[in-house]
Amino acid sequence: MKSYLDHRTTVGSWLGTTDHKRIGLMFLVATAAMLLLGGAFAILLRLEHLTPGPTIMGAPAYNRVFTLHGVIMVWLFMIPSIPATFGNFLLPVMLGARDVAFPRLNLASFYIYLLGAAITLGGVVASGADTGWTFYVPYSSTTFTPVIPILIGVFILGWSTIITGINFIATTHTLRARNMGWMDIPLFVWAIYATSVIQVLATPVLGMTLLLVTMDHGFGWGFFDPAKGGDVVLFQHVFWFYSHPAVYIMILPAMGVVSEVICTFARKDPYSYVAIAASSVGIAFTGFLTWGHHMFTAGMSTLDAGIFGALSMFVAIFSAIKVFTWTGTLYRGQIQLRSPLAYVFTFLFLFVFGGMTGVAVATTSLDVHWHDTYFVVAHFHFIMVGGTLTTYLAALNYWWPKITGRLYPEKWAMVAAVLTFFGFFSTFFPQFLLGNGGMPRRYYDYAEQFQALHLISTGGSWILSAAFLVTIAYLGWSLVYGEKAGPNPWGSRSYEWFTSSPPPPHNFEETPEFRHRPYDYHERIGT
Amino acid sequence: MYEPALEEHFDDFARQRHAARFGMWIFLASELLLFAALFVLYFGYRAHYPQVFSEGVGHNARAIGTLNTCILLLGSIAVALAVNELRRSRTRSAVLLLAATTLAAIAFLILKGSEYAAHLQEGIRPGGQGHFFLEHQEPGWPIFFTLYFAMTGLHAIHVAVGGVLLGGMTWWVARRRVGAAGAYRVEMGALYWHLVDLIWVFLWAMFYLMGGHG
């Protein structure tokens, strides 16, 4: 029996494939490459902050490097990371479908991603912009650095995201296996579904906004130019209308991964399936109503600020529901501490930490003190990196046997997981203290009193890189020497484990009929 | 007669049709949000500069705008009927109706082009460039016309895409490449056209009706 990997092996069979698993795998390679590139820029930034004043680069270079780090990590890695890779690979399998609803569009979304990435990186090679990943006007529409290719590149990437989202929504609605009701679909699918709604409805607003900045910069149209009657704060409104929900594009799929990993390694059904599924949709919905909390200090009435602050805290309620439900799932479970679960524990710790500081910065009076300081940098790295990156690694470890058919050395995976935790924590925890002490974000230089904390932070970034190197090494090793995984190495009940690893071209040998729900661990296991 | 085949990842034709329609609706929702960003800008700036926006509307040709609204709406009726006819295998009338919609797109673009030409003549260009703005120096004038060009321009691009799409479908149906069972594919084009139409109805109100001198 041939798997999706070896039923056809020509280069053309990969480049022209409409198999969602191959497309997911190509996305995996592409996003992993972007992660390493964005990570390399991060290492350079931390190195620069080893000492006050110039260490390895000048101020203009620093501005570009932090912009490129942000642009690559946000637009090229985090947004597509889990949905386009694991979502693509797993969503149809988990629904018992043979493919996504529109396979050719799915392939197109990969090439649109490549085109967007090429144009964005072209801008990087042509010396790079210095606007930050947020492209705030009026600076972005007047800077002499070549910002246009990056704006156009991100605009194009947006269409890849939208197409992926349309595909996932249509697939979930129309291609579920027979007898599979909405309350039978795996929680990861719920998370990806909620994410897709945001992708489809928020991304076009961003795309249009970036296009307008392009016109301002390139042709002096002046949508946001005060000299022509434009309003710079209006840009922030439309930008964050997308970019705040974008945070949930990053975190919701992560939450899906957490639900799957916890149920599998605790051998239990979720404490409340409905609570986890509904809170995903709740976050997606509320996420559209919180953008104003990025602008408390940009001039906003007290009433508006209060409303946006309160709405932001709703997200914390939904998130807390999830955390309690996950913890409740672990309680009295038969816990097997494997590396994916270790990453999930890291996630829980960092997410609660980042989430609570999020409630703190959503409080208007506190935000005035912390706005534009390292406190905010630390907060969103705890959520976004601590959230997306740790679960991306959890997902990579958890589904690696399914995707490649090989097992990896668990010991080394644990080493990497532990290094990730300590590396991450020592990189970003000092940044809370730096920000609270008054260190502004995006500054090239700093006062000498901050050096000790910067030193710890830079040291942490090296530990984090070590974790990456270990991961690359053991996963590479497993491709060649790893044991055959078999269909279900973790003994999971979720549907993707009921087909062979790696799965056949159309996911299942026969049209599957799932006779149990995906987390029925109290029943005897057996197909 | 060629009919779309059942793709191998679908169990039956009903599901395939449902998926296509459903996907199209989601895409249209996405398109709507693309315009929404511009609508937010328009109303944000209108609140800033109510007087200028109201006067600005007077510089647009209300008659042509209204004529264009009629053209688009008639196109919408035609394409809706075309889908209906095709479902009943009345290919000839379907072809005629689709051709009518394609013509509507072309007529719209010609009229819109004539309006743009008149504006350029008047010295109105996007970004507050042109001699018109030497006489109209209050803040808000450049924004009004930049938004006018951007929003109607983006809409015109959509009309052009719709025209090409429906022109292609006319050809398709005329060559008997698609019949009753494939009518849902023509329906995709119709849905797209209705969206283009719907957005124009709002643009018509915003740039031709809300203000001016009458």
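Residues numbered from 1 in each chain as written. Chains lettered and ligands numbered in written order. Predicted model: local features only at pLDDT ≥ 70, side-chain atom pairs only at ≥ 80, totals over all residues. Heavy atoms only, no water.

A look at the overall build of chain B
Piece 1. A tally of regular secondary structure across chain B gives 7 helices and 0 strands.
Piece 2. Sequence-ordered secondary structure for chain B, helices as α and strands as β, is α-α-α-α-α-α-α.
Piece 3. In terms of its C-alpha atoms, chain B occupies a principal-axis envelope of roughly 65 × 30 × 25 Å.
Piece 4. By residue count, 52% of the 214 residues in chain B fall in the buried class.
Piece 5. By sequence separation, contacts in chain B at least 24 residues apart represent 79% of the contacts at least 6 residues apart.
Piece 6. Total accessible area computed for chain B in this model is approximately 9200 Å², and 68% of it derives from carbon and sulfur atoms. (Helix = DSSP H or I, 4+ residues; strand = E, 2+ residues; numbered from the N terminus. Buried < 20%, exposed > 50% of the residue type's maximum accessible area, 1.4 Å probe, protein only. Contact = heavy atoms within 4.5 Å. Areas by Shrake-Rupley, 256 points an atom, 1.4 Å probe, with all protein chains shown as cover.)

Notes on the overall build of chain A
Piece 1. When you go through chain A residue by residue, the secondary structure sums to 15 helices and 0 strands.
Piece 2. Here chain A has a C-alpha radius of gyration of 23 Å; the compact-globule value for 527 residues is 24 Å, and the two agree.
Piece 3. Taken over the C-alpha atoms alone, chain A extends approximately 65 × 45 × 45 Å along its principal axes.
Piece 4. The 527 residues of chain A split such that 62% are buried.
Piece 5. Considering only residue pairs separated by 6 or more positions, chain A has 82% of its internal contacts joining residues 24 or more positions apart.
Piece 6. Carbon and sulfur atoms form 69% of the exposed surface of chain A, whose accessible area is close to 18600 Å².
Piece 7. Charge centroids of chain A, computed over 26 positive and 24 negative side chains, lie 11 Å from each other. (Rg over C-alpha atoms; globule rule 2.2 N^0.38 Å. Lys, Arg positive; Asp, Glu negative; His and termini not counted. Charge placed at Lys NZ, Arg CZ, Asp CG, Glu CD.)

Details of the packing of helix α13 (residues 374-404) of chain A against helix α14 (residues 410-436) of chain A
Residues and elements named next belong to chain A.
Piece 1. Relative orientation of the contacting elements α13 and α14 amounts to 170°, with a least axis distance of 8 Å. As judged from the angle between their axes, α13 and α14 are roughly antiparallel. Side by side, α13 and α14 meet where Tyr374, Phe375, Val377, Ala378, His379, His381, Phe382, Val385, Gly386, Leu393 and Asn397 of the first sit next to Ala413, Thr420, Phe424, Phe425, Phe428, Phe429, Gln431, Phe432, Leu434, Gly435 and Asn436 of the second.
Piece 2. Taken together, the residues of the contact of α13 with α14 sort by class into 14 nonpolar, 8 polar and no charged. (Axes fitted to C-alpha atoms, helices over the stretch in contact; angles between N-to-C directions. Parallel < 35°, antiparallel > 145°, perpendicular 65-115°, else oblique. Nonpolar A, V, L, I, M, F, W, Y, C, P; charged D, E, K, R; others polar.)

Section: the side chain of Thr499(A)
Residue and element names in this part refer to chain A.
Piece 1. The residue Thr499 is located in the segment after α15 (451-481) in this model.
Piece 2. In terms of polar contacts, Thr499 uses its side chain to reach the backbone carbonyl oxygen of Asn507, at 2.5 Å.
Piece 3. The contact partners of Thr499, leaving out residues within four places of it in the chain, are Val93, Lys402, Pro487, Pro504, Asn507 and Phe508. (Polar contact = N/O pair within 3.5 Å; in protein donor to acceptor, adjacent residues only side chain to side chain.)

Focus: the side chain of Asp99(A)
Piece 1. Of note, Asp99(A) is situated in the loop between α3 (59-95) and α4 (103-125).
Piece 2. Of the side chains with opposite charge, Lys21(A) comes closest to the buried, unpaired Asp99(A), at an N-O distance of 6.6 Å.
Piece 3. Apart from residues lying up to four places away in sequence, Asp99(A) is in contact with Thr18(A), Asp19(A), His20(A), Pro92(A), Thr171(A), Leu175(A), Asn507(A) and His9(B). (Salt bridge = Lys/Arg side-chain N within 4 Å of Asp/Glu carboxyl O.)

Structural notes on the nonpolar core
General note: in soluble globular proteins, nonpolar side chains tend to be found buried as a group.
Piece 1. Counting residues in each nonpolar core, the largest one holds 221 residues, and the members touching the most others are Trp75(A), Phe86(A), Phe135(A), Phe224(A), Trp399(A), Leu147(B) and Phe207(B).
Piece 2. Setting aside chain neighbours within four positions, we find Leu147(B) in contact with Phe223(A), Leu38(B), Leu41(B), Tyr42(B), Tyr45(B), Phe53(B), Thr152(B) and Phe207(B). (Core = buried A, V, L, I, M, F, W, Y, C linked by side-chain atoms within 4.5 Å.)

With respect to the packing of aromatic side chains
Piece 1. Evaluation of the coordinates by the stated rule reveals 74 aromatic pairs over all chains.
Piece 2. For the pair Tyr398(A) and Trp497(A), a centre-to-centre distance of 5.4 Å together with 70° between the ring planes defines the contact as edge-to-face. Of this pair, Tyr398(A) sits in helix α13 while Trp497(A) sits in the segment after α15, and the two are 99 residues apart along the sequence. Like Trp497(A), Tyr398(A) is buried.
Piece 3. With 6.2 Å between their ring centres and 70° between their planes, Tyr116(B) and Tyr148(B) make a pair best called edge-to-face. One end of the pair, Tyr116(B), is in helix α4 (residues 91-121); the other, Tyr148(B), is in helix α6 (residues 141-174), with 32 residues separating them in the sequence.
Piece 4. Exposure remark for Tyr148(B): the relative accessible area of 0% places this residue in the buried category.
Piece 5. Each member of the aromatic cluster is reached from another via a ring pair, and the members are Phe349(A), Phe353(A), Trp370(A), Phe375(A), Phe382(A), Phe421(A), Phe422(A), Phe424(A), Phe425(A), Phe428(A), Phe429(A) and Phe432(A).
Piece 6. The lysine or arginine in question, Arg22(A), covers the ring of Trp14(A), its NZ or CZ lying 4.1 Å from the ring centre.
Piece 7. Lying over the aromatic face of Tyr116(B), Lys112(B) brings its terminal NZ or CZ to 4.8 Å of the ring centre. (Phe/Tyr/Trp six-rings, centres within 6.5 Å; stacked < 30°, edge-to-face > 60°. Lys NZ or Arg CZ within 6 Å of the ring centre and 35° of its normal.)

Comments concerning the interface of chain A and chain B
Piece 1. At the interface, 37 residues of chain A touch 36 residues of chain B.
Piece 2. Where chain A abuts chain B, roughly 3200 Å² becomes buried across the two surfaces, and 68% of that area is made up of carbon and sulfur atoms.
Piece 3. Put simply, chain A and chain B have 3 salt bridges between them.
Piece 4. Between Arg178(A) and Asp11(B) there is a salt bridge whose closest N-O contact spans 3.5 Å.
Piece 5. Linking chain A to chain B there are 15 residue pairs in polar contact (both at pLDDT 80 or more). (Buried area = accessible area lost by both parts, 1.4 Å probe.)

Examining the packing of helix α11 (residues 339-361) of chain A against α13(A)
The packing of two helices is summarised by the inter-axis angle and the distance between the axes.
Residues and elements named next belong to chain A.
Piece 1. Where α11 contacts α13, the axes come no closer than 8 Å and their chain directions differ by 160°. The angle between α11 and α13 places the two elements in the roughly antiparallel class. Crossing angle aside, the handedness with which α11 passes α13 is left-handed.
Piece 2. The residue makeup of the contact of α11 with α13, split by class, is 15 nonpolar, 12 polar and no charged. (Left-handed = near helix turned anticlockwise from the far one by under 90°.)

Here we look at helix α6 (residues 148-174) of chain A
Piece 1. Spanning 27 residues, α6(A) covers 39 Å between terminal C-alpha atoms, matching the ideal 39 Å at 1.5 Å per step.
Piece 2. Counting buried positions along α6(A) gives 22 out of 27 residues, so the element sits mostly inside the fold. (Expected span 1.5 Å × (residues − 1).)

Things to note about the environment of Leu203(B)
All names here are of chain B.
Piece 1. For Leu203, the location among the structural elements is in helix α7 (residues 183-209).
Piece 2. Measuring from C-alpha to C-alpha, the distance between Leu203 and Gly65 comes to 9.4 Å, with 138 residues separating the pair along the chain.
Piece 3. Sequence-distant contacts of Leu203, defined by excluding residues within four places in its chain, comprise Phe39, Met151, Thr152, His155 and Tyr208.

Examining the confidence of the model for chain B
Piece 1. A residue-level look at chain B finds 98% of positions with pLDDT of 70 or above and a mean pLDDT of 92.
Piece 2. Taken over the whole predicted complex, pTM reads 0.94, whereas the ipTM for its chain interfaces reads 0.92. (pLDDT = per-residue confidence, 0-100.)

Regarding the environment of Gly113(B)
Piece 1. The topology assignment puts Gly113(B) in helix α4.
Piece 2. Considered as a pair, Gly113(B) and Glu8(B) are 105 residues apart in the sequence and their alpha carbons are 45 Å apart.

Quick look at a nonpolar patch on the surface
Residues and elements named next belong to chain B.
Piece 1. Residues Leu32, Leu73, Leu198, Val201 and Phe202 make up a contiguous nonpolar surface patch of about 420 Å² in total accessible area.
Piece 2. In terms of residue count, the dominant contributor to the nonpolar patch is α7 (3 residues).
Piece 3. In this structure, Leu198 sits in helix α7.
Piece 4. The class of Leu198 is partly exposed, set by a relative accessible area of 44%. (Patch = residues over 30% accessible without salt bridge, like charges linked within 9 Å, V, L, I, M, F, W, Y side chains within 5 Å.)

Topic: the environment of Tyr273(A)
Residues and elements named next belong to chain A.
Piece 1. Its place among the elements puts Tyr273 in helix α9 (residues 273-286).
Piece 2. For Tyr273, a relative accessible area of 9% puts it in the buried group.
Piece 3. In this structure the C-alpha to C-alpha distance between Tyr273 and Phe219, which are 54 residues apart in sequence, comes to 52 Å.
Piece 4. Excluding anything up to four places from it in sequence, Tyr273 contacts Trp182, Met183, Asp184, Ile185, Leu187, Trp190, Arg517 and Tyr519.
Piece 5. Among the polar contacts made by the side chain of Tyr273, one reaches the main-chain carbonyl oxygen of Trp182 at a distance of 3.5 Å.

Things to note about the pattern of salt bridges
Piece 1. Using the criterion set out here, one finds 11 salt bridges over all chains in the structure.
Piece 2. With a shortest N-O distance of 3.8 Å, Asp372(A) and Arg441(A) are connected by a salt bridge. Placement of the pair is Asp372(A) in the loop between α12 (364-370) and α13 and Arg441(A) in the loop between α14 and α15, with a sequence separation of 69 residues.
Piece 3. Of the charged contacts in the structure, one is a salt bridge between Glu187(B) and Arg87(B), with a shortest N-O distance of 3.0 Å.

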